[in-house]
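An overview of the molecular structure
These are the residues of each chain, in order.
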Amino acid sequence: MEENKTRFQKFKENPLSWMFNGDLFFLTLNSIFLLMVIFIIISIFSSIFSNNLVDPEGKALVINPSGPIVEQISGPSDPFQTLLMGEQSSELYVGDLLEVLEAASNDKRIKDLVLRLDNISGTGQAVLYDVGLALKKVKDSGKRIIAIGDEYSESGFYLASFADEIIMNPEGWILLDGFGRSKMYYKSFLDKLKISANVIRVGTFKSAVEPYLRDDMSDAAKEANLAYLDILWSSWVEVVSTNRSLTPESIQYLVDNTDELVKKSKKGTAEAFLNYGMIDKLLTRTEQREYMVELFGESETKESFNKISGGSYYQVLQDEKKTKTSDNKIAVVVARGTIMDGDQPPGTIGGDSTSRLIKDAYEDEEVKAIVLRVDSGGGGVFASEVIRQELLKAQEKGIKVIASMGNVAASGGYWISTNADEIWASHNTITGSIGIFGLLPTVDKSLKNIGINTDGVSTGKLDAGGDPTKGLSPMFKNIIQAEIEHGYDKFITLVSESRGIDKKQVDNIAQGRVWAGETALELGLVDKLGNIKDAINRAAELAEIDSFVTYYPSEELNWKQQLLSSIFSISGGIIPQSVLENFFVKSSLKTLSEIESFNDPKGIYLKCEDC
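Further remarks concern the packing of aromatic side chains. Throughout the structure, instances matching the rule amount to eight aromatic pairs. For the ring pair Tyr158 and Phe162, a centre distance of 5.9 Å and an interplane angle of 65 degrees mean the geometry is edge-to-face. Of the two residues, Tyr158 and Phe162, both sit in the buried class. Here Phe296 and Phe305 contribute two aromatic rings whose centre-to-centre distance is 5.8 Å and whose plane-to-plane angle is 40 degrees, an arrangement assigned as tilted. A cation over an aromatic ring shows up here: Lys307 above the ring of Phe305, its NZ or CZ 5.2 Å from the ring centre.

Here it is in structure tokens:
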């Protein structure tokens, strides 16, 4: 009784004290967690069984991506790391967007199209090209396209240029600076720490390892980078200048002399772009809303204009879609991200996980063809070879294989494509980078500098234990060098035999150099230029099938992973966003992530760092 009185007295003095009293504290935490779980489950089920679809009749379709447009949505590799670091970001799957735009171009219920493109930075040039073609089709169908936003990146303005009218906030800007490549170089830093990078490579242009060997970009790397960047930039300028009724020269002049044009306008950046003809109207957010209401009428709630979001329209399409059945399937296996050993989540290519998708596809008797959609700058040799071997197995079973290259298909991305029956690329694809390197860092000099030494005995001359506290033995280094040279010879032999190009000629265009898609076509590295839809249709032709259904095999998250992902996405990160946005912190996290991707069993890589 006295104890209860004491607790009651403490509660009166501090009502929250009971929460921090031993078991009660953990009971409270568990209760909060359980309530979150229940809330998420209810939300998931209500979204599944809800049929409150928006009627698109007479509405403007609004496309407003909340992140970059990508070939494959990245999956959480570690939900707890997502919670800690706030890593989860929004992405829009390009396949869904293309489906929406394709339908809108033929749907009489959709009045016009409104684009908000403030947040799509990071979208690859090949993806932009495909979306641009879809926007052109909408425009050619007689529908008006309005682009509206506070500011535009180069990615955003590329798509906005397809609009009949581009509107920007008077305080906004267009960030145009051309295409460039830069990276951090660590040689002096490593020298100060006395860390030996132990880099072994083949290929004059294989610049992936330069940051560990130099303090600046080599002339060879600059030459290779400018060669493909010039082609990609020329493509961007040509499309934008044509859409805006300007000349390519005038666009280049704007990029190179923005400061002078802004000074001349005396009314700020937005006014300068307006006067130059890059945009059509300057409207504040309030004025933008009023203008949209004027064009499309008020919404039922009177809060905005009469519109339907891209997501809501997509749900309508799925609800209306008639079930298409066929005994023939074409499997599209997406290989996006760094190629790593083992099982990896979506957004990364796992030697085991991606091979399993290929195996599941060719073991399905209804699958007549496989399209390997590649968006990767490469990674580990071993994982790349595991995937290539699985594709060969599919071909042995009579399955036709088409490699369809997206934004990037270089180094390991090209390795896994080599034996396809045909290789398709976008003219904006970055490909090639046929070269190979090994990276085996050791810290023996660094430790010796502070008085720590490693010593021991062995029954053999070869010291291949992989101990980073010891320097590489000459014998082990010779083995790795031989393995690298063998790997490079195998790479160019694969290309020679699969592409029907003389091996010496392959060596000349290899050396780790990257090429734009249209140049790769001229060199014989790819067969045709086209998008994923073209590749799928070609796969059907090669498989000699008229009717088919397309499906995308994927590694699905189990219910626990989905639940954790949902919880962490609404709970946010523990580390403050202001800290994560710090340039040095972001660069450090990126570097750590890159180091983690070097997980090849032999430490040998097919990777393009300039892609």
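Moving on, we come to a nonpolar patch on the surface. Judged by side-chain polarity, Leu462, Met475 and Ile479 come together as a nonpolar surface patch covering roughly 240 Å² of accessible area. Residue position: Met475 is located in helix H19 (residues 474-499).

Let's shift gears to unusual backbone geometry. One non-glycine residue, Lys194, adopts positive backbone phi at about 60 degrees. Structurally, Lys194 is set in the loop between helix H7 (187-193) and strand E7 (199-202).

Our focus in this paragraph is the side chain of Asn428. Counting through the fold element by element, Asn428 comes out in the loop between strand E16 (422-425) and strand E17 (430-432). On the basis of relative accessible area, Asn428 is assigned to the buried category, the value being 1%. A polar contact is formed between the side chain of Asn428 and the side chain of Ser235, at a distance of 3.3 Å.

Right, let's get into the environment of Ala335. Assignment of secondary structure puts Ala335 in strand E10 (residues 329-336). Aside from chain neighbours lying at most four places away, what touches Ala335 is Ile349, Leu372, Arg373, Val374, Asp375, Ser376 and Ile416.

Looking now at the sheet that holds strand E9 (residues 307-309). Sheet strands associate in pairs through backbone hydrogen bonding, adopting either a parallel or an antiparallel arrangement. What the six strands build is an open sheet, ordered E8-E6-E5-E4-E1-E9; its pairing is parallel. Edge positions in the sheet fall to strand E8 (281-282) and E9, since each of these pairs with one other strand and no more. Pairing of strand E1 (residues 59-63) with strand E4 (residues 110-115), which is carried by four bridges, proceeds in the parallel orientation. Pairing of Leu61 across the sheet is with Leu113, part of E4. Its contacts with the sheet put helix H4 (residues 94-106) on E1 and E4, and the angle it makes with E1 is roughly 155 degrees. Contacts from helix H13 (residues 285-296) reach E1, E4, strand E5 (145-149), strand E6 (165-168) and E8 within the one sheet, and its direction differs from that of E5 by about 165 degrees.

In this fold, Glu165 is placed in strand E6. For Glu165, a relative accessible area of 12% puts it in the buried group.

Look at helix H11 (residues 258-265) against helix H12 (residues 269-276): their axes get within 8 Å of each other, and the N-to-C directions meet at 100 degrees. With respect to H12, the element H11 is oriented roughly perpendicular. Where H11 abuts H12, its residues Thr258, Leu261, Val262 and Ser265 lie against Thr269, Ala272, Phe273, Asn275 and Tyr276. Each residue belonging to the contact of H11 with H12 can be placed in one class, and the counts come to five nonpolar, four polar and no charged.

Calculation rules
- Residues numbered from 1 in each chain as written.
- Predicted model: local features only at pLDDT ≥ 70, side-chain atom pairs only at ≥ 80, totals over all residues.
- Heavy atoms only, no water.
- Phe/Tyr/Trp six-rings, centres within 6.5 Å; stacked < 30°, edge-to-face > 60°.
- Buried < 20%, exposed > 50% of the residue type's maximum accessible area, 1.4 Å probe, protein only.
- Lys NZ or Arg CZ within 6 Å of the ring centre and 35° of its normal.
- Patch = residues over 30% accessible without salt bridge, like charges linked within 9 Å, V, L, I, M, F, W, Y side chains within 5 Å.
- Areas by Shrake-Rupley, 256 points an atom, 1.4 Å probe, with all protein chains shown as cover.
- Salt bridge = Lys/Arg side-chain N within 4 Å of Asp/Glu carboxyl O.
- Helix = DSSP H or I, 4+ residues; strand = E, 2+ residues; numbered from the N terminus.
- Polar contact = N/O pair within 3.5 Å; in protein donor to acceptor, adjacent residues only side chain to side chain.
- Contact = heavy atoms within 4.5 Å.
- Pairing = 2+ DSSP bridges.
- Axes fitted to C-alpha atoms, helices over the stretch in contact; angles between N-to-C directions.
- Parallel < 35°, antiparallel > 145°, perpendicular 65-115°, else oblique.
- Nonpolar A, V, L, I, M, F, W, Y, C, P; charged D, E, K, R; others polar.

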